[in-house]
Amino acid sequence: MTRWDPELPEAADSTLTALEITETDCRRCGTQIAGINGRYACGPCGWVNDYSEGHSPLPTAADDLDAPQARQPRVPRG
């Protein structure tokens, strides 16, 4: 298991944590696969484990520092 510790910008939220690269065998075909924080997808057979099996909670949309601002609803002309 390898741990990748990216340098976060100063403005990064303190709830962000380092990514952990994990490895396992595919449950369908047995191919050795790697994933991030216990979430896997197998390229050869297409198997994907459930998101709830990961080692940490997934970030929410509010955690995305690069997300565009919410769009204003369109008002029909006329």
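Read on for a plain summary of the structure. (Residues numbered from 1 in each chain as written. Predicted model: local features only at pLDDT ≥ 70, side-chain atom pairs only at ≥ 80, totals over all residues. Heavy atoms only, no water.)

**Remarks on the overall build of the chain**
Stage number 1. Assigned secondary structure in the chain consists of zero helices and three strands.
Stage number 2. Shown N-terminal to C-terminal, the secondary structure of the chain runs as helices and strands in the order β-β-β.
Stage number 3. Within the span of the chain, comprising 78 residues, buried residues form 19% of the whole.
Stage number 4. Within the chain, contacts between residues separated by at least 24 positions form 7% of all contacts whose residues are at least 6 apart in sequence. (Helix = DSSP H or I, 4+ residues; strand = E, 2+ residues; numbered from the N terminus. Buried < 20%, exposed > 50% of the residue type's maximum accessible area, 1.4 Å probe, protein only. Contact = heavy atoms within 4.5 Å.)

**Let's talk about the pairing of strand β3 (residues 32-36)**
Stage number 1. Residues Ile33 and Gly35 point to one face of β3 and are all buried, whereas Gln32, Ala34 and Ile36, pointing to the other face, are not buried.
Stage number 2. Bridge count for strand β2 (residues 19-25) against β3 is five bridges, and the pairing is antiparallel. Bridge pairing in β3 places Thr22 opposite Gly35.
Stage number 3. Counted between consecutive antiparallel strands, the loop separating β2 from β3 contains six residues, among which Gly30 sits at a positive phi close to 85°. (Pairing = 2+ DSSP bridges.)

**Brief notes about the environment of Ala41**
Stage number 1. Mapped onto the elements of the fold, Ala41 is located in the segment after β3.
Stage number 2. Take Ala41: its relative accessible area is 47%, and that puts it in the partly exposed class.
Stage number 3. In this structure, the C-alpha to C-alpha distance between Ala41 and Cys26, residues 15 residues apart in sequence, is 8.2 Å.
Stage number 4. The residues contacting Ala41, other than those within four sequence positions of it, are Ile33, Trp47 and Val48.

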